[in-house]
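One letter stands for each residue in the lines below.
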Amino acid sequence: MKKVYKILLAAAIIFNYQLSTINSAIAQDAEYNLIRRTYKINSDGTMDIGFRKEIKLLRNRAITAYADKGETFILYNPSIDKLTINESYTIRKDGSRVQTPANAFIDQLPSQCQDCGRYNGIRERAVIHTALEYDCIIVLDYTIHRKGTYLDETIILNEDCPVKKYEVIINVPNNNPDVYSITHTNGLSNGKINVLSDANTFHCIAKNLPQNYNDSYLPDAKTLYPFVHLTYGTNGTYYDEFEKIPEAVYLVGELYDKNPLTYAINIRDYVIDYIRTTDFPMSLVNYNVSTATETFLSACGTPADKKRLMLALMHEAGFKAHKTDDHIIVSIKENGNDMDYILSTTDKRPPRLDGTAIDEQRTIEKNETIPWQGNPTGGGYSQMTLPTERGSINIDPSKLTSSREAPIKVRNCNEKYHYTILLPRTPKRTMVGKPINISYTKKGVGSIKINIKQLDNGAIDVVRELNIDVLNGIVLPNQYKAFRQLMQDWNKYNTITIFTNIGTSGNQ
């Protein structure tokens, strides 16, 4: 079989230019003097994966928080991997070297494999570094010799502390151009990443990389930071997409609903809720995906295992379905036509029609009359939180700091709510505070409208409208202040408080 070899070197599409100025002002726990990753494809059908790090500890947290910098955790699978520790020592501030003792290397079962018996053979080598002090340098170098020549790996070059030098090296047999190809995209012009022309098949060096962001609601790392994507060979671990699972016939019957779309959602939700997720790099199992039967009977599996099971259950239930990279598409008969719905395999987001933009699915309109459902807060006061609709925007303003330079990933939305809240007739109840009347637009970000008032008949009229429309669903740093104000106002006025003039008993 002809091997295909590609290397994609990419940098952040946007934002990356800001990292150095932002992170340089933040005190660092540590810094990497060097990170080096090497990949050597051998002619005998194996590969050697090397990793070397030299990290300098600067602050107390890097020393005392062992799971952060004081330990290194190496995942490997003894059935296909041989792990060799080449070097492990600490260089103290005075220049002396302290070797890591033999009892500081501990093999253990990874936490993500504890509840899945068939993956109990995977191991995690914990390296407990010693002689830690301010300004010491930890050096660790190891090699994993792996059976199997298929590789698919993405390396994000930024880490949680600055990196002075990051190297990625690939070597394939004979450097034959018919076997591999190299594709470069954005990111080479900023001077931080250079591709060398030397004896290696591919060799890139990135220098003086700042630490990554530590903020909520960040976009995908490949949007923010430079990365290297490595693929080699052809993945032969295919499976029959029309696989069924007769072992689950009774389960499929229990999940049945006369509404076909609800039936499909029930199947999806079962896999998400009742099949435990065992998440680790697929390279540890040579990119193999377990059969639907294995995953169902063991009630656990990788995300790829669960997707395969979900697809098989759909077929067992009689649905036409197929998989994409991130979803399952299920065909539902509606009014005599086949409608293809996209179902997420990782969460319970509502299904959407294939070919419909995601943002169009975030339009929510509600016009309802609802009873007062408040809770007493003392002194004759009672407070009610307005209903939250499934799929509505979910941004916590408390996680939006007053100053932020990192972008925000958000799903654009157009939400409109009109609630008429009916209060009990007796005793008389009065809305606390003045009527709310807010309406403004932030160019390039969105708009908001909130009107809350008590009507002459005693009912409370609530109008809330929010529109977020940012390019590619990314709030840029220069849009952050406006977006934060929108989110603060949207969440500030989502509760209603009333005062009962006579007595405090009953449903207030």
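Calculation rules
Residues numbered from 1 in each chain as written. Predicted model: local features only at pLDDT ≥ 70, side-chain atom pairs only at ≥ 80, totals over all residues. Heavy atoms only, no water. Helix = DSSP H or I, 4+ residues; strand = E, 2+ residues; numbered from the N terminus. Buried < 20%, exposed > 50% of the residue type's maximum accessible area, 1.4 Å probe, protein only. Contact = heavy atoms within 4.5 Å. Areas by Shrake-Rupley, 256 points an atom, 1.4 Å probe, with all protein chains shown as cover. Salt bridge = Lys/Arg side-chain N within 4 Å of Asp/Glu carboxyl O. Disulfide = S-S within 2.5 Å. Lys, Arg positive; Asp, Glu negative; His and termini not counted. Core = buried A, V, L, I, M, F, W, Y, C linked by side-chain atoms within 4.5 Å. Phe/Tyr/Trp six-rings, centres within 6.5 Å; stacked < 30°, edge-to-face > 60°. Pairing = 2+ DSSP bridges. Axes fitted to C-alpha atoms, helices over the stretch in contact; angles between N-to-C directions. Polar contact = N/O pair within 3.5 Å; in protein donor to acceptor, adjacent residues only side chain to side chain. pLDDT = per-residue confidence, 0-100. Expected span 1.5 Å × (residues − 1).

### A few points about the overall build of the protein
Phase 1: When helices and strands are tallied, the protein shows nine helices and 32 strands.
Phase 2: Counting over 508 residues, the protein shows a buried share of 45%.
Phase 3: Within the protein, contacts between residues at least 6 apart in sequence are counted, and of these 73% link residues at least 24 apart.
Phase 4: Carbon and sulfur atoms form 47% of the exposed surface of the protein, whose accessible area is close to 25,700 Å².

### A few points about unusual backbone geometry
Leaving glycine out, the prevailing phi sign among residues is negative, and the prevailing peptide bond configuration is trans.
Phase 1: Even without being a glycine, Tyr287 presents a positive backbone phi close to 65°.
Phase 2: Mapped onto the fold, Tyr287 is located in the loop between strand S16 (276–277) and helix H7 (292–298).
Phase 3: Phi is positive for Ala299, which is not a glycine, with a value near 55°.
Phase 4: Inspection of the secondary structure assignment puts Ala299 in the loop between H7 and strand S17 (300–301).

### Some points on the pattern of salt bridges
Phase 1: Under the definition given, this model contains 20 salt bridges.
Phase 2: Asp29 serves as the salt-bridge partner of Arg59, at 3.2 Å between the closest nitrogen and oxygen. Of this pair, Arg59 sits in the loop between strand S3 (46–57) and helix H2 (60–64) while Asp29 is found in the loop between helix H1 (19–23) and strand S2 (30–41), placing the two residues 30 residues apart along the sequence.
Phase 3: A salt bridge links Glu167 to Lys165; the nearest nitrogen and oxygen atoms lie 3.8 Å apart.
Phase 4: Judged by its relative accessible area of 28%, Lys165 is partly exposed.
Phase 5: In the salt-bridge network here, residues are joined through shared partners; they are Arg52, Glu54, Glu87 and Asp141.

### Re the state of the cysteines
Between two cysteines, a covalent bond joining their sulfur atoms is known as a disulfide.
Phase 1: Tallied over the full model, the rule gives one disulfide.
Phase 2: Here Cys116 connects covalently by a disulfide to Cys300, the sulfurs 2.1 Å from one another. What sets the handedness of the Cys116 and Cys300 disulfide is the S-S torsion sign, and at about 80° it is right-handed. With Cys116 in the loop between strand S7 (105–108) and strand S8 (123–128) and Cys300 in strand S17, the pair connects residues that are 184 residues apart, well separated along the chain. A single burial state applies to Cys116 and to Cys300, both of which are buried.

### Some words on the side chain of Asp489
Phase 1: Within the element layout of this structure, Asp489 appears in helix H9 (residues 480–492).
Phase 2: Buried and unpaired, Asp489 has Lys492 as its nearest opposite-charge partner, separated by 5.5 Å.
Phase 3: Ignoring anything within four residues of it in the chain, the contact list for Asp489 reads Tyr440, Ile448 and Ile450.

### Overview of the nonpolar core
Across soluble globular proteins, you tend to see nonpolar side chains buried next to one another.
Phase 1: Counting 41 residues, the largest nonpolar core has Leu57, Leu151, Ile155, Leu157, Tyr166 and Val228 as its most contacted members.
Phase 2: Beyond its immediate sequence surroundings of up to four residues, Leu57 is in contact with Asp29, Ala30, Ala62, Ile63, Lys69, Leu132, Glu133, Tyr134, Asp135, Cys136 and Ile138.
Phase 3: Counting 37 residues, the second-largest nonpolar core is a separate cluster that includes Leu423, Ile452, Leu466 and Phe483.

### Observations concerning the packing of aromatic side chains
Phase 1: For the structure on display, the rule yields 10 aromatic pairs.
Phase 2: When the centroid spacing of 5.1 Å and the interplanar angle of 85° are considered together, the rings of Tyr119 and Phe280 count as edge-to-face. One end of the pair, Tyr119, is in the loop between S7 and S8; the other, Phe280, is in the loop between S16 and H7, and 161 residues separate them in sequence.
Phase 3: Residue classification places Tyr119 among the buried positions, given a relative accessible area of 6%.
Phase 4: Overall, Phe280 belongs to the buried group, its relative accessible area being 6%.
Phase 5: Between the aromatic rings of Tyr417 and Tyr419, the centroid separation amounts to 6.1 Å while the plane-to-plane angle is 20°, which identifies the pairing as stacked.

### Section: the sheet that holds strand S19 (residues 327–334)
Phase 1: Strand order in the open sheet made by the four strands is S18-S19-S20-S21, with antiparallel pairing throughout. Sheet topology places strand S18 (320–323) and strand S21 (352–353) at the edges, where each strand pairs with a single neighbour.
Phase 2: Of the pairings in the sheet, the one linking S19 to strand S20 (residues 337–344) comprises eight bridges and is antiparallel in character. Its bridge partner lying in S20, Ile332 is registered against Met339.
Phase 3: Here helix H6 (residues 260–274) sits on the sheet in contact with S19 and S20, set at roughly 20° to S20.
Phase 4: The sheet contacts of helix H8 (residues 303–316) involve S18, S19 and S20, and relative to S18 the element is tilted by about 165°.

### Overview of the side chain of Thr46
Phase 1: Position of Thr46 among the secondary structure elements: in strand S3.
Phase 2: By relative accessible area, which is 8% here, Thr46 ends up buried.
Phase 3: Only 2.6 Å separates the side chain of Thr46 from the side chain of Asp44, close enough to count as a polar contact.
Phase 4: The contacts of Thr46, once residues within four sequence positions are left out, are Lys40, Ile41, His145, Arg146, Lys147, Gly148 and Thr149.

### Considerations on the confidence of the model for the protein
The predicted coordinates should not be examined in detail at positions where pLDDT is low.
Phase 1: Averaged over the protein, the pLDDT score is 86; the fraction of residues at 70 or greater is 87%.
Phase 2: Of all the helices and strands in the protein, H1 carries the lowest mean pLDDT, 45, while strand S5 (residues 81–91) carries the highest, 98.
Phase 3: Between residues 181–189, whose pLDDT stays under 50, and residues either more than four places distant or in other chains, the model counts 23 contacts.
Phase 4: pLDDT under 50 marks residues 503–507. Its contacts with residues more than four places away, or in other chains, come to seven contacts.

### Remarks on the sheet that holds strand S22 (residues 363–371)
Phase 1: In space, the five strands of this open sheet follow the order S22-S26-S30-S29-S28, with mixed pairing throughout. A single partner strand is all that each edge strand has here, and the edge strands are S22 and strand S28 (436–442). The average undirected angle you get between the axes of adjacent strands in this sheet is 5°.
Phase 2: As paired strands, strand S29 (residues 446–454) and strand S30 (residues 460–468) are joined by nine bridges and run antiparallel to one another. Of the residues in S30, the one forming a bridge with Gln454 is Ile460.

### Topic: H9
Phase 1: Compared with the 18 Å implied by 1.5 Å per residue over 13 residues, the 18 Å span of H9 between its first and last C-alpha is a close match.
Phase 2: Along H9, the positions that sit buried rather than exposed are Tyr480, Ala482, Phe483, Leu486, Met487, Asp489 and Trp490.
Phase 3: In this structure, the buried residues of H9 make contact with strand S25 (408–409), strand S26 (413–422), S28, S29, S30 and strand S31 (474–475).

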